[in-house]
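Single-letter residue listing:
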Amino acid sequence: MCSAGKLSTLTYDTLLFGEFEEFPETADPVWILGKEFSALTERDEILSDISSRLWFTYRKNFPPIGGTGPTSDTGWGCMLRCGQMILAEALLCRHLGRDWRWQRGQRQREEYVSILNAFIDKKDSYYSIHQIAQMGVGEGKSIGQWYGPNTVAQVLKKLSVFDSWSRMAVHVAMDNTVVIEEIKRLCMPWLDFAGGACAEADLEGERGLNGCLEGACAMGVEETVLWKPLVLLIPLRLGLSDINEAYMETLKHCFMFPQSLGVIGGKPNSAHYFIGFVGEELIYLDPHTTQPAVEPSDDGQVPDDTYHCQHPPCRMNIRELDPSIAVGFFCRTEEDFDEWCTRIRKLSCNRDALPMFELVDSQPSHYANADVLNLTPDSDRLERFFDSEDEEFEILSL
């Protein structure tokens, strides 16, 4: 079974020919981002599904961040790469659907090319390492500093505003609380002000951003009027130094939801993107290998082999998970969100699964609204985050 410590010294060529433990032959179901598979009869389908996820790793020899900064994120960018992976999964679901599959060596769909271009390591890509690192400065993180799950969630939320093609609503639920009213107002802005959802953003200066193709950038207004597709990120702490066993079944259930985007977290200073589980083991994509930066060709196509994990994925026992995580969900429609709420309420009644967060209809009067105050947890809000060499600690003011 591969581990972060092992992969940190590997190159992509080593990955292609290295030794990886195959999936266990077990009767336990394999859950990958809301899809159930059999390890006994659907091994190829499991690997096809996993290899279709976008896999972002350390890169080297990209343009300097900020013009004079790092040209590689090796050693510090693992959580940023995990943030890219969870958001990329949302974009795949948004534009191609959960059942889309990547096929090596074939010319890819225009939407896929636009999604991949959004993450290329250059300053004018929406969600590049350059954009995330520089936006993180506003969250109190210097370029080259390690992020925690909450910080990367806040940065992705800010960057998504500039993505005029996808037009998703990214919501970061704070204080272990998901407020239904807040999300409905965010995804249906016409509830608050007439024409708000129909107003066209000024795209001047954005057309060169992301390098996406013109056809893919044109989005009909009718698609945004009823519901803006929701990316819900929920930063959580499920224990002090170790994960509380009472949360383990609840966490596993989250991978079974059809709205699942997975989980970003891992171990202190070693982040992973968790996409499912089998038995007591979590399945994850590991960013801890350094690959050369990739340049798109003149026609916008991207050599994409190194953006897909083509070996059996890594696994780790759920008890090894650091308690600081962020769980992600994608709701394309209001019906998807309502169905997600029903699942969460049903799960909260499960005596064997302690709720990881609270789902409420409206904002409790004693809570401050982060969107209204425009404050982030790295500002003077309810939380402060302190970094040490080992991990990011959350200090909650009660």
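- The name an unreviewed UniProt entry gives the chain is Cysteine protease, with Scleropages formosus as the organism.
- Recorded in UniProt under Function (unreviewed entry), the annotation for the chain is "Cysteine protease that plays a key role in autophagy by mediating both proteolytic activation and delipidation of ATG8 family proteins."

Here's the deal with the overall build of the chain
Okay, so step 1: When its secondary structure is counted, the chain shows 13 helices and 15 strands.
Okay, so step 2: Per-residue burial for the chain yields a buried fraction of 55% across its 398 residues.
Okay, so step 3: The contacts in the chain between residues at least 6 apart in sequence include a share of 73% that link residues at least 24 apart.
Okay, so step 4: When the accessible surface of the chain is summed, it comes to about 17,000 Å², and 51% of that surface belongs to carbon and sulfur atoms.

Regarding helix α5 (residues 110-117)
Each full turn of the α-helix corresponds to 3.6 residues, which orients residues three or four apart in the same direction.
Okay, so step 1: Across the eight residues that make up α5, a large majority, six, are buried.
Okay, so step 2: For α5, every residue scored as buried is listed here: Y112, V113, S114, I115, L116 and N117.

Some details on the side chain of D286
Okay, so step 1: Checked against the element boundaries, D286 lands in the loop between β9 (281-285) and β10 (290-292).
Okay, so step 2: Summary of buried charges: D286 has no salt-bridge partner, and the nearest side chain of opposite charge, K267, is 8.5 Å away.

A short note on the packing of helix α6 (residues 129-136) against helix α7 (residues 149-160)
Okay, so step 1: Close contact between α6 and α7 brings their axes to 9 Å; oriented N to C, the two are set at 110°. It follows from the interaxial angle that α6 and α7 lie roughly perpendicular. Two packed elements cross with a definite hand, and for α6 against α7 that hand is right-handed. Between α6, through Q131, I132, M135 and G136, and α7, the contact on the second element is made entirely by V155, L156, K158 and L159.
Okay, so step 2: Residues of the contact of α6 with α7, tallied by class, amount to five nonpolar, two polar and one charged.

What counts as what
- Residues numbered from 1 in each chain as written.
- Predicted model: local features only at pLDDT ≥ 70, side-chain atom pairs only at ≥ 80, totals over all residues.
- Heavy atoms only, no water.
- UniProt positions renumbered as here; feature names shortened; annotations may be inferred.
- Helix = DSSP H or I, 4+ residues; strand = E, 2+ residues; numbered from the N terminus.
- Buried < 20%, exposed > 50% of the residue type's maximum accessible area, 1.4 Å probe, protein only.
- Contact = heavy atoms within 4.5 Å.
- Areas by Shrake-Rupley, 256 points an atom, 1.4 Å probe, with all protein chains shown as cover.
- Lys, Arg positive; Asp, Glu negative; His and termini not counted.
- Salt bridge = Lys/Arg side-chain N within 4 Å of Asp/Glu carboxyl O.
- Axes fitted to C-alpha atoms, helices over the stretch in contact; angles between N-to-C directions.
- Parallel < 35°, antiparallel > 145°, perpendicular 65-115°, else oblique.
- Left-handed = near helix turned anticlockwise from the far one by under 90°.
- Nonpolar A, V, L, I, M, F, W, Y, C, P; charged D, E, K, R; others polar.

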